[in-house]
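Observations on the model geometry
This is what each chain is made of:
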Amino acid sequence: LAIVDYNKAIAIKPYFVEAYYNRGNAWAEKGQFDIAIEDYNIAIFINPEFSEAYNNLGIVYFRLGQHGIAVKNFQKACRMGNEMGCKNLSDLVR
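Residues numbered from 1 in each chain as written. Predicted model: local features only at pLDDT ≥ 70, side-chain atom pairs only at ≥ 80, totals over all residues. Heavy atoms only, no water.

1. Remarks on the nonpolar core
Core analysis: the biggest nonpolar cluster contains 24 residues, and Tyr40, Ala43 and Val60 have the highest contact counts within it. Take this core: its biggest share by element is six residues, from helix 3 (residues 33-46). Beyond its immediate stretch of four places on either side in the chain, Ala43 contacts Val17, Tyr20, Tyr21, Phe50 and Ala53. (Core = buried A, V, L, I, M, F, W, Y, C linked by side-chain atoms within 4.5 Å. Buried < 20%, exposed > 50% of the residue type's maximum accessible area, 1.4 Å probe, protein only. Helix = DSSP H or I, 4+ residues; strand = E, 2+ residues; numbered from the N terminus. Contact = heavy atoms within 4.5 Å.)

Written out as structure tokens, the structure reads:
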């Protein structure tokens, strides 16, 4: 249901960065990681300083076993001041 609502929001306002981010979160919760990655990347394209999207990309890539890509995304989020990105980076490189 949430995904349908985000689709409607995006149809009305195509550059609604939070809608892409939240739809990515909904896809990730469903285990649809490839679609979540697409939505997070669109959110980042619209707003390259959206640290939460980088952090969540890191989480998805970690779940996919792609730790190198996860680290790069956590690093980007952390450099932007995202505390969760810094924590996830720290946890991953231990």
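2. Focus on the state of the cysteines
Evaluated as defined, the whole model comprises one disulfide. At a sulfur-sulfur separation of 2.0 Å, the disulfide partner of Cys78 is Cys86. One disulfide, between Cys78 and Cys86, carries an S-S torsion of 95° and so falls in the right-handed class. (Disulfide = S-S within 2.5 Å.)

3. Some points on helix 2 (residues 17-29)
Its 13 residues place the ends of helix 2 19 Å apart at the C-alpha level, agreeing with the 18 Å of an ideal helix rising 1.5 Å per residue. Among the residues of helix 2, Val17, Ala19, Tyr20, Tyr21, Arg23, Gly24, Asn25, Ala26 and Ala28 are the ones counted as buried. Buried positions along helix 2 lie against helix 1 (2-12), helix 3 and helix 4 (51-63). Positive phi shows up at Gly31, right after helix 2, with a value of about 80°. (Expected span 1.5 Å × (residues − 1).)

4. Some details on the side chain of Asn55
Tracing the sequence through the fold places Asn55 in helix 4. Judged by relative accessible area, Asn55 falls into the buried class, the value being 6%. If near-sequence neighbours (up to four positions away) are discounted, Asn55 is found in contact with Asn73, Phe74, Ala77, Asn82, Met84, Gly85 and Asn88.

5. Points about the side chain of Asn56
Along the polypeptide, Asn56 turns up in helix 4. Its relative accessible area of 13% is what places Asn56 among the buried residues. One polar contact links Asn56 to Tyr21, side chain to side chain, over a distance of 3.2 Å. A polar atom in the side chain of Asn56 sits 2.7 Å from the side chain of Asn25. Excluding anything up to four places from it in sequence, Asn56 contacts Tyr21, Asn25 and Tyr40. (Polar contact = N/O pair within 3.5 Å; in protein donor to acceptor, adjacent residues only side chain to side chain.)

6. Points about the packing of aromatic side chains
Summed over the entire model, instances satisfying the criterion amount to two aromatic pairs. Seen from their ring centres, Tyr21 and Tyr40 are 6.0 Å apart, and the 50° between their planes marks the pair as tilted. One end of the pair, Tyr21, is in helix 2; the other, Tyr40, is in helix 3, with 19 residues separating them in the sequence. Ring plane angle 55° and centroid distance 4.9 Å describe the contact between Tyr21 and Phe50, whose orientation is recorded as tilted. Taken together, the positions of Tyr21 in helix 2 and Phe50 in the loop between helix 3 and helix 4 put the pair 29 residues apart, joining distant regions of the chain. There is no split in this pair, since Tyr21 and Phe50 are both buried. Over the face of the ring belonging to Phe16 we find Lys13, whose NZ or CZ atom lies 5.3 Å from the ring centre. (Phe/Tyr/Trp six-rings, centres within 6.5 Å; stacked < 30°, edge-to-face > 60°. Lys NZ or Arg CZ within 6 Å of the ring centre and 35° of its normal.)

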